[in-house]
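# Overview (structure and organization)
Chain by chain, the residues:
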Amino acid sequence: MSNKKKLRLHGQLMVAAVAVNGAAIALVMVPSLVLGFGAITSDPLGPGPLITVAHAIVGAIAWLYGAYLSLVWRLRPATAECFKRKNLMRPVLYTWLAAAALGVGFYAYYYLI
């Protein structure tokens, strides 16, 4: 497989990942946040609310940057456009990993502890 095809496949995979993540945010995470808002405001400095708010903020940043990069790629599929924004891709990955780790922390705190 040529490098150009690998880049195109990578772009398609990232668009799909952003879309699936956006659906999970809209259908699961936002309703959960709205339903649990009282728990956050009743003890805003507790570990659970802090993890929740941090996950929401970091996750929103990661998703918005991922959506931006995916949208730019979809509107301009030339690989030159991707390389112009390559310096954003690694921070987006790290931000997404931080959001995922906070999500695991959220799950552990509320469902395992």
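Anything mentioned here points back to the structure above.
Below: a short report on this structure. (Residues numbered from 1 in each chain as written. Predicted model: local features only at pLDDT ≥ 70, side-chain atom pairs only at ≥ 80, totals over all residues. Heavy atoms only, no water.)

### A word on the overall build of the protein chain
The helix and strand tally for the protein chain stands at 5 helices and 0 strands. The linear arrangement of helices and strands in the protein chain, starting from the amino end, is α-α-α-α-α. In the protein chain, buried positions account for 18% of the 113 residues. Taking contacts inside the protein chain between residues at least 6 apart in sequence as the whole, the part at least 24 apart equals 69%. (Helix = DSSP H or I, 4+ residues; strand = E, 2+ residues; numbered from the N terminus. Buried < 20%, exposed > 50% of the residue type's maximum accessible area, 1.4 Å probe, protein only. Contact = heavy atoms within 4.5 Å.)

### Considering a nonpolar patch on the surface
On the surface, Val53, Ile57, Ile61, Tyr65 and Tyr68 cluster together to form a nonpolar patch covering roughly 450 Å² of accessible area. With respect to the secondary-structure elements, Ile61 resides in helix H3 (residues 47-75). Assessed through its relative accessible area of 39%, Ile61 is described here as partly exposed. (Patch = residues over 30% accessible without salt bridge, like charges linked within 9 Å, V, L, I, M, F, W, Y side chains within 5 Å. Areas by Shrake-Rupley, 256 points an atom, 1.4 Å probe, with all protein chains shown as cover. Salt bridge = Lys/Arg side-chain N within 4 Å of Asp/Glu carboxyl O.)

### Here's the deal with the packing of aromatic side chains
Per the stated rule, a full pass over the model turns up 3 aromatic pairs. Taken together, a centroid distance of 4.8 Å and an interplanar angle of 50° make the contact between Phe106 and Tyr110 tilted. You can see Phe106 and its partner Tyr110 sitting in helix H5 (residues 86-112), 4 residues apart, about one turn around the helix. Their ring planes at 90° and their centres at 5.0 Å tell us that Tyr109 and Tyr110 sit as a pair that is edge-to-face. (Phe/Tyr/Trp six-rings, centres within 6.5 Å; stacked < 30°, edge-to-face > 60°.)

### With respect to helix H1 (residues 3-35)
The end-to-end C-alpha distance of H1 is 46 Å, a good match for the 48 Å that 33 residues give at a rise of 1.5 Å each. Approximately 40° is the largest bend angle found in H1, and it occurs at Ile25. Within the sequence span of H1, burial applies to Gly11, Val18 and Gly22. Where H1 is buried, its residues meet H3. (Expected span 1.5 Å × (residues − 1). Bend = angle between axes of the 7 residues up to and from the residue.)

### Focus on the packing of H1 against H3
Where H1 contacts H3, the two axes come as close as 9 Å, and the packing angle between them is 145°. Crossing hand, H1 versus H3: left-handed. Judged by residue contacts, Arg8, Gly11, Gln12, Met14, Val15, Val18, Asn21, Gly22, Ile25, Met29 and Leu33 of H1 engage Thr52, His55, Trp63, Gly66, Ala67, Ser70, Trp73 and Arg74 from H3. Grouping the amino acids of the contact of H1 with H3 by side-chain chemistry returns 9 nonpolar, 8 polar and 2 charged. (Axes fitted to C-alpha atoms, helices over the stretch in contact; angles between N-to-C directions. Left-handed = near helix turned anticlockwise from the far one by under 90°. Nonpolar A, V, L, I, M, F, W, Y, C, P; charged D, E, K, R; others polar.)

### Things to note about the side chain of Thr52
Within the secondary structure layout, Thr52 lies in helix H3. Once residues lying within four places of it in the same chain are set aside, the contact partners of Thr52 are Leu33, Ile40, Phe106 and Tyr110.

### Details of the side chain of Ser70
Within the secondary structure, Ser70 sits in helix H3. Ser70 has contacts with Met14, Val15 and Val18, leaving out every residue within four places of it along the chain.

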